Amino acid sequence: MPTRMVAPSWLLLIGLAIAGVLQAQPDSNGFINVDCGLPGTANSMDDTTKLSYAPDAAFTDSGSNHNISAEFVTPTLSKRYLNLPRRRAQLLHAPILVAGLKYLIRAEFMYGSYDGLNRLPVFDVYTGVNFWSMVNVTSADLNGMVTLEAIVVVPDDSAQVCLVNTGSGTPFISSLELRPLKSSIYPQASTTLGLVLLGRRNLGPTDATDIVRYPDDPHDRVWTPLVNTTAWDTISTTSTVQNYQNDEFEAPSKVMQTAITPLNGSSNSSIDELFWYSELQPKDPTPKYIAIMYFSELQLLPSSAVRDLYITINDVFWSTFMPDYLYSGYVGDQTPTWSGSDRYNISISTTANSTLPPIINAVEVYSVISTTNVATDSADVSAITDIKVMYRVQKNWMGDPCVPKSFAWDGLTCNYPISSTPTITGVNISFSGLNGDMSSSFADLKGVQYLDLSYNNLTGSIPDALSQLTSLKVLNLSSNQLSGSIPYGLLKRIQDGSLTMRYDDNPNLCTNAASCQPPVKGKKSKLAVYVAVPLVLVVVIISVVALLFCFLQRRKKQGGTCMHQMSASAIFPTQGVQSTRLMFVNLYHVHRIGDVRLSHASAAPRPQGGDTHDALSSLNLGNRRFSYKELEMITNNFERVLGQGGFGKVYDGFLEDGTQVAVKLRSQYSNQGVKEFLLEAQILTRIHHKNLVSMIGYCKDGQYMALVYEYMSEGALQEQLAGNGRNGRYLTWWQRLRIALDSAQGLEYLHKGCNPPLIHRDVKATNILLNTNLEAKIADFGFSKAFNHGNEAQISTNALVGTPGYVDPEYQATLQPTTKSDVYSFGVVMLELVTGKPTILSDPEPASIIQWVRRRLARGNIEDVVDTRMRGEYEVNSVWKVADIALKCTMQESAQRPTMTDVVAQLRECLELEEGRRTGGGTRGSFYAGSSNNNANLGYYDSQSTDASQISTAFEMEHNFGRAVGMGTDEKGLHLQLVNSSLQYP
Ligand SMILES: *[C@@H]1O[C@H](CO)[C@@H](O)[C@H](O)[C@H]1NC(C)=O
Ligand SMILES: *[C@@H]1O[C@H](CO)[C@@H](O)[C@H](O)[C@H]1NC(C)=O
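These remarks concern the structure in this document.

Cut-off values and rules
- Residues numbered from 1 in each chain as written.
- Chains lettered and ligands numbered in written order.
- Predicted model: local features only at pLDDT ≥ 70, side-chain atom pairs only at ≥ 80, totals over all residues.
- Heavy atoms only, no water.
- Helix = DSSP H or I, 4+ residues; strand = E, 2+ residues; numbered from the N terminus.
- Buried < 20%, exposed > 50% of the residue type's maximum accessible area, 1.4 Å probe, protein only.
- Polar contact = N/O pair within 3.5 Å; in protein donor to acceptor, adjacent residues only side chain to side chain.
- Contact = heavy atoms within 4.5 Å.
- Core = buried A, V, L, I, M, F, W, Y, C linked by side-chain atoms within 4.5 Å.
- Domains from an automatic or database assignment.
- Expected span 1.5 Å × (residues − 1).
- Arc of directions from axis to C-beta.
- Pairing = 2+ DSSP bridges.
- Axes fitted to C-alpha atoms, helices over the stretch in contact; angles between N-to-C directions.
- Phe/Tyr/Trp six-rings, centres within 6.5 Å; stacked < 30°, edge-to-face > 60°.
- Parallel < 35°, antiparallel > 145°, perpendicular 65-115°, else oblique.
- Left-handed = near helix turned anticlockwise from the far one by under 90°.
- Nonpolar A, V, L, I, M, F, W, Y, C, P; charged D, E, K, R; others polar.
- Salt bridge = Lys/Arg side-chain N within 4 Å of Asp/Glu carboxyl O.

1. Examining the side chain of Lys-777
Moving on, step 1. Among the structural elements, Lys-777 can be located in strand 46 (residues 776-778).
Moving on, step 2. For Lys-777, a relative accessible area of 6% translates into the label buried.
Moving on, step 3. Separated by 3.3 Å, the side chain of Lys-777 and the backbone oxygen of Lys-690 make a polar contact.
Moving on, step 4. Excluding residues within four positions of it along the chain, Lys-777 makes contact with Gly-116, Lys-690, Asn-691, Leu-692, Val-693, Glu-710, Met-712, Asn-767, Ile-768, Leu-769 and Asn-771.

Laid out in structure tokens, this is it:
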């Protein structure tokens, strides 16, 4: 994934911007579609609407991209939900909008447990600088997808959608769509008022999946059908229903061609089944609504017939209406009208002189938002944005600098005049590692009174233009590397007392104007070198770690992507919209859900302003960054040790919200493992899968380094197999199969979901961790390596890593790890699962577990190898099958081994067999009774009997390393770190 966690180089930014702008050009309809988190620069196409979606790289400068978890990827899921970015605070700029134009903005949020945490986030979304809506994701799958839609007048030539972390989970976004609207339609939406869609329903279609949107609706509104054959009759026509001239809503003909009418209706019957629930939010506790209803006569009536509608909402008279034949009529509130009620019942009946029953073709309900917040002065915005880009400022500098007030950029002070735009009055970016010359953009902050750039590495001279800043009262430039002399203009302002300036500790700055000479080459520069050398040394020493980190970060950028390569065709609108808020919030069969939401929404207070701000600033790199002090608190002074590795100890801990975590602290006395440590941190921020252990955060605080993981309460698979698990109980065969499948899926994701593939290189039973539900996750990525199929030589390393008993003999010989090396190690793990034996046995004679199983199975009896502690409680065919897969995985030649994808598929079948037994359908503990499957297995082993010699060679090699037999808990202590030259093989 092309994460952009660290600011990419400036050039890269520009390159992306150009590419992105080109692709996100509005199409011929003026539509802009953004598939958030879509990697690369190529557009994706929605299969249903044929609309093209651009990646969002060009529109945002923060956050990182992720894929939703595999379990939520269904064959029909629209591609644009597969990956998403999570954003620290915001933000998507949609370019090339026309200022003052009305737009329909639609944003979709499909969580899909992209972070593997399955923690449903709640956050706020702003359109520009105005609050739009809270997003409360209620489930990870498509049912929990939230769609927000608003009709707003965009004040600027760019629109921003800001995702704001309110302390209840990291915001994310799946897609963003913009549709330009004529200013004459939806006249209720103005520069000060926006419309937020609550629901838009098409009445009268017979197919509940028949969603109408573009191209049937040229404005690409999404009209969801509401079908209930037991509640009303439907009427329809195939003739086109026309819009009136100057139609204010332009309902599409396809929507107007269907209508509902009471069942067996007489002229005095009524339609009473339509209603909507009020949707309260902490920031909008008294929502006001606007209703719009659409009516068209679809039957050619005799002249004597009259259809005269009489409409009430909550028994309050609203309107009468006489629909015209094949014309799209409507009734709509001009201003926000409905408020103060939990539920609004719509009733459509007829007046006394009507001879026909009532009808209705469609209905829309909107709530309103104020869009009166105005953005910061545009000259200030462009100046401070230039400064941010030039120095790659890493604070929360996203969105508008001053608005909303509570999300103003760190270090800025703003003035908020009542009748004009906010301006920047103070800038404090001291201690921020600013490098390079002083930007001339500082002089463009016309209203700035206070400018603090102290304690940075600014070089070059002080721009004279700063003296033109008439409001500037304090200028602090101390502790930088500025040179030259203080400009005359500034000196003058200091002298006349209008400016206080600090410039001490700038060694090269000439502070006495009279004696300032142009720099002389030679002697002087030599002196500079003498001064510089010790300084450089110090810098080098203290930044080794930082450099390494940067190096890894950079490599990560080239490190490619992880994505799900499953095919997915779009189903939006069919399945997609059905489960969105559009349907859910409104009208009809949603009583229960509506109730639940309502009561919760009114009951739940939420952190505001300041809290939010703190939550924002504590986030970094998409993961939380902890200080050492915080770790002390979390672990109660490192009280309980969960385990011990070569890096140091792993401690038990609890976050503020009670989440239990495991904290791996690198021992400060250990010089070893910094690289692995950082590598693991880097990999874990990039990859997310439910079968890979997930990182909650990290700590890099002085010499302290730690990784904070999700807590895996049942420890390592190895302990469970050894019988040290919970209550000393042994794993059942079903549990073992689940564990095998889980971990195989994790490895498959590394191999297939990542491009280039990632090789774990240290797959073993101690690196498979189990949670309370005994779900398995692969851990410990300190030795992982990206693997490039096309260019193996490039990634070859001359250090052999791995653990005796698990190391692929081919890798050992060539020192070129491949994905098949992981397959080999995983084969060994499967043999441990089947046999419960250690990987290297000494009884009756030293043998590897592979050798041991092969020899015994050659006699044709699975019972000889199966872990007796399972007490015969297993489906015997599934055990055979697993042993078979395991032995194929541990073939000497990697080409003969299956891929992890094959392994996953096979293990699934095994699990099904065992589940058949558990549910009573199988042959409990019986023999395989001539199943052709097992005979095939037997034949297979016989024909491979020549393998035994090869295996023993491999085993001897392992043995020659002189390592302890049997796995200790000191996992890292057993890693092999051999240099090429010292490796000998037969
Ligand atoms: C259809 O309408 C009837 C009558 O109002 C109601 O009882 C029923 O729950 C509705 N069915 C659905 C699926 O909403
Ligand atoms: C989000 O929705 C859930 C379920 O409806 C509810 O329990 C929770 O209180 C809501 N959160 C907020 C912040 O409203």
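2. Quick look at the nonpolar core
Moving on, step 1. Phe-826 and Leu-907 are the most contacted members of the largest nonpolar core, which has 76 residues in total.
Moving on, step 2. Looking at this core element by element, the count peaks at 10 residues for helix 13 (residues 733-753).
Moving on, step 3. Residue contributions to this core reach at least three from each of two domains, namely domain 4 (561-711) and domain 5 (717-924).
Moving on, step 4. Excluding residues that lie within four positions of it along the chain, Leu-907 makes contacts with Ala-740, Leu-741, Ala-744, Phe-826, Met-830, Val-882 and Ile-885.

3. Here we look at helix 19 (residues 900-918)
Moving on, step 1. Look at helix 19: 26 Å from first C-alpha to last across 19 residues, which is about the 27 Å you get at 1.5 Å a residue.
Moving on, step 2. For helix 19, the set of buried residues is Met-900, Val-903, Val-904, Leu-907, Cys-910, Leu-911, Glu-914 and Arg-917. Down the axis of helix 19, the sector holding all buried residues measures 130 degrees, keeping them to one side.
Moving on, step 3. On its buried face, helix 19 sits against helix 13, helix 16 (819-835) and helix 18 (876-889).

4. Topic: the sheet that holds strand 18 (residues 271-277)
Moving on, step 1. Ordered by their spatial adjacency, four strands build an open sheet running 18-23-20-21, and the pairing between neighbours is antiparallel. Edge positions in the open sheet fall to strand 18 and strand 21 (316-321), since each of these has one partner strand only. Ignoring which end each strand starts from, the neighbouring axes of this sheet average 20 degrees apart.
Moving on, step 2. Across five bridges, the pairing between strand 20 (residues 309-313) and strand 23 (residues 343-350) is antiparallel. Residue pairing for strand 23: Leu-309 is matched across the bridge by Thr-350.

5. Quick notes on the packing of aromatic side chains
Moving on, step 1. Considering all chains together, one arrives at 26 aromatic pairs under this definition.
Moving on, step 2. A centroid spacing of 6.3 Å and a plane angle of 80 degrees characterise the contact between Phe-109 and Phe-172, whose relative ring orientation is edge-to-face. With Phe-109 in strand 7 (residues 102-109) and Phe-172 in the loop between strand 11 (159-168) and strand 12 (175-181), this residue pair connects regions lying 63 residues apart in the sequence. Phe-172 shares its class with Phe-109; the two are buried.
Moving on, step 3. Ring centres of Trp-276 and Tyr-289 lie 5.9 Å apart, and the angle between their planes is 70 degrees; on these two criteria the pair is classed as edge-to-face.

6. Regarding the packing of helix 18 against helix 19
Moving on, step 1. Where helix 18 contacts helix 19, the axes come no closer than 8 Å and their chain directions differ by 165 degrees. Taken together, the axis directions place helix 18 and helix 19 in an arrangement best described as roughly antiparallel. Handedness of the helix 18/helix 19 crossing: left-handed. Touching Asn-877, Ser-878, Lys-881, Val-882, Ile-885 and Cys-889 of helix 18 are Val-903, Gln-906, Leu-907, Glu-909, Cys-910, Leu-913 and Glu-914, all from helix 19.
Moving on, step 2. Partitioned by chemical class, the residues of the contact of helix 18 with helix 19 number seven nonpolar, three polar and three charged.

7. Brief notes about unusual backbone geometry
Moving on, step 1. Across the junction of Tyr-214 and Pro-215, the peptide omega takes the value 10 degrees, indicating a cis bond.
Moving on, step 2. Mapped onto the elements of the fold, Pro-215 is located in the loop between strand 13 (193-203) and strand 14 (224-226).
Moving on, step 3. In this model, Asp-220 sits at a positive phi of 55 degrees, which is unusual for a non-glycine residue.
Moving on, step 4. If you trace the backbone, Asp-220 turns up in the loop between strand 13 and strand 14.
Moving on, step 5. For Asp-220, a relative accessible area of 0% gives the class buried.

8. Overview of the pattern of salt bridges
Moving on, step 1. Taken as a whole and judged by the stated rule, the model has 26 salt bridges.
Moving on, step 2. For the salt bridge of Asp-808 with Arg-897, the shortest nitrogen-to-oxygen distance reads 2.6 Å. Of this pair, Asp-808 sits in the loop between strand 48 (799-800) and helix 15 (809-814) while Arg-897 sits in the loop between helix 18 and helix 19, placing them 89 residues apart in sequence.
Moving on, step 3. Here Lys-888 makes a salt bridge to Asp-884, at a shortest N to O gap of 3.3 Å. With Lys-888 and Asp-884 both in helix 18 and four residues apart, the pair spans about one turn of that helix.
Moving on, step 4. Salt bridges sharing common partners tie together Arg-106, Glu-149, Glu-177, Arg-179, Arg-200, Arg-213, Asp-220 and Glu-364.

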